[in-house]
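Geometric and topological summary
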Amino acid sequence: MKKIIVLLIFLVVACSKDDPIIQYSITVQVTPVEGGSVSPSSGMFNEGTSISLLATPSAEYIFKNWSGGANGKSNPTTVVMKSNKSITAVFEKKDTDSDGVADDVDMCPNTPAGETVDNNGCSNSQKYTYVPDDNFEQALIDFGYDDVIDDYVLTSNIDDVTSIYLNGKEISDLTGIENFVALNELICEQNQFTSLDVSQNTSLTDLICSENLLTTLDVSQNTALTRLDCHNNQLTSLNVSQNTDLEVLHVDSNELTSLDVSNNIALTDLLCYENQLTSLDVSKNTYLTRLECYGNQLASLVVGQNTALKSLDCSSNKLTSLDASQNIALTDLQCDNNELTTLDVSQNIALTNLYCNINQLSSLDVSQNIALTGFFCLGNKLTYLDVSQNTSLVQMKCSNNELISLDLSQNTALTVLDCRINYSLYCIQVNATQLSNIPTGWNKDDIASYALTCN
Ligand SMILES: [Ca+2]
Ligand SMILES: [Ca+2]
C-alpha cells in the first residue's frame, strides 16, 4: 500500500513536471482611443495558441496597421502565443480623396490627386473657377463677382447666381459657365463663342445664346428649359427631345437639315426660318400660336392640328398646297414665294394680314376675310379680285397679276395700293369721295384710269 501511494505521488509530480500548463497574456491598445475596437481586447491564452485579432474601425475611421506585439496591415491578423503580447491597433481618420485632410473636416471632397490643399481640404482648382476669357472675367468683375483679371473667379461667388446677362460682351470663350450651377437665366447673345457647355446648368429655364458661332449645342441636361433661343448660329442639328417644358424655341438662321419637335408639346412659339429643313412635323404641337418656318425647303406643311395658331409664316418654301381650314384663329398668314395654285382662306375669318405674293394663284376668294387690313397678292395670275367685302383694308398690293377689273369703291379705308403691272387693267372703279381725292399712296399703271363705273 505504501508502495502504491509513493508511486501515485511520483506520477503526479512527473506529469506536472513534464507537461506544465503555461499561459501568456494579450493586452490590446487602440490609437487613437476613439478610432475603433479590437476583439479580443485582452485575455490569457495557452502557450502556442493561435489567436485571431479583429480590428473594427469607428465611423469616420479606417484601420491602418498593427504595431507592438503584432505587425502588418492584415485584418484580422493572427498571433501565436509564445510570450505576453502588448499589441496596438492603429486607426486613422478617413481621407477619401487622400489630400491629407480627413473626410469629417474636408470641405472639398474629391480633391484631384496631387493638388495642394488648404486646411479645409480645398485645392485652388476647387475654390476657383477657371475663366480664361478676359471679357467674360471683366463682366464678372463688373457684376461684383470677381475683383482682378487673373483667369480665375472664386467659385463660391458664382455658384449661387441665378441670372446673368452677358450679351454683346465680345466673349469668345464661355469656359467657367459650368460652375454657375444655380443659373435659371443665361443670356449670352451677340458674342463670338464657338461652343457652350451648359451640361452643369441644370436649373436653366431661359437660355439665350443667339448670334454666336455655335456649331453644336447640347441641351440634353437642361430639362427645365422653357425658352431656348439659339438663332443665328451655325448649328447643323439640335436635339430638343429632352426639353419637354419648352414653350419658346427659336432656332432660325442656322444650318439645320431636320428638327424633331415631337416631344415639345408645350411649344407655343417656334421660329425655325432660314434653315435647310426639307420636312417639319408640327402635328404634336397643338399649343403653337406662332410658327415661322420660311426660307426652308419644305415641300409640304400640315397644320391641321395647330388650331391655336395665330401667326403662320411658311414663305419661301416649295409648297404646292396649304390647308389652313382648321386654323380659324389665324390673324397673320404669310405664304409668299411658294408654288401654290390654290389657296382657301374661307375659314380664316380672323385674318388681318394675308401675304400670298409670288405664287401661281389664278383665283383667290377673300370675301369671308372681312377683318383684313393688309392684303398682298402680287406676282400671281389673278384676273379677278373681289375686295368688296374687305372694307377694313388699309393696304393692298396686287401688282404683277393679270387683272382685268378692280372695284375699290367699298374700300374706304384703303390708303396704300399698288396695282401696277396689270397690263389688261384699264379701269379701276372707285366711289365719288375717292375719285375727288385719290390717296397719294395709290399706284397704278398709266394705262389705267379711276372711274365711278367701269364697263
Ligand atoms: Ca479635399
Ligand atoms: Ca479673377
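Residues numbered from 1 in each chain as written. Chains lettered and ligands numbered in written order. Predicted model: local features only at pLDDT ≥ 70, side-chain atom pairs only at ≥ 80, totals over all residues.

1. Quick notes on the sheet that holds strand S24 (residues 427–429)
Counted only if it meets this: Strands are labelled as partners when DSSP assigns at least two bridges between them. For helices the rule is a DSSP run of H or I covering at least 4 residues; for strands it is a run of E covering at least 2, with both sets numbered from the N terminus onward.
The strand order across the open sheet formed by three strands is S22-S24-S26, and the pairing between neighbours is parallel. Taken across any chain shown, the strands that pair with only one partner, and hence form the sheet edges, are strand S22 (406–407) and strand S26 (449–451). Bridge analysis of S22 against S24 gives two bridges, and the strand direction is parallel. Among the inter-strand pairings, Leu-406 is bridged to a residue of S24, identified as Ile-428.

2. Concerning the pairing of strand S4 (residues 50–57)
Where strand S2 (residues 36–39) meets S4, four bridges bridge the pair, whose relative direction is antiparallel. Each residue of the ladder has a partner; that of Val-38, found in S4, is Ala-55. By the bridge criterion, four bridges tie S4 to strand S6 (residues 77–80) in an arrangement that is antiparallel. Across the sheet, residue Ile-51 finds its bridge partner in S6, namely Val-79.

3. Some remarks on the sheet that holds S6
As a reminder of what qualifies: Here, axes are lines fitted to C-alpha atoms. For helices the fit covers the stretch in contact, and angles between N-to-C directions go from 0 to 180 degrees.
Taken in spatial order, the three strands of this open sheet run S2-S4-S6, and their pairing is antiparallel. Two strands bound the open sheet, and with one partner strand each, they are S2 and S6. Taken pair by pair, the neighbouring strands of this sheet meet at an average axis angle of 25°, ignoring direction.

4. Regarding the domain arrangement of the chain
The criterion, for reference: Segment limits for the domains were obtained from an automatic or database-derived domain assignment.
Domain annotation for the chain reports domain 1 (20–94) and domain 2 (361–455). Averaged C-alpha coordinates put domain 1 and domain 2 at centres separated by 106 Å.

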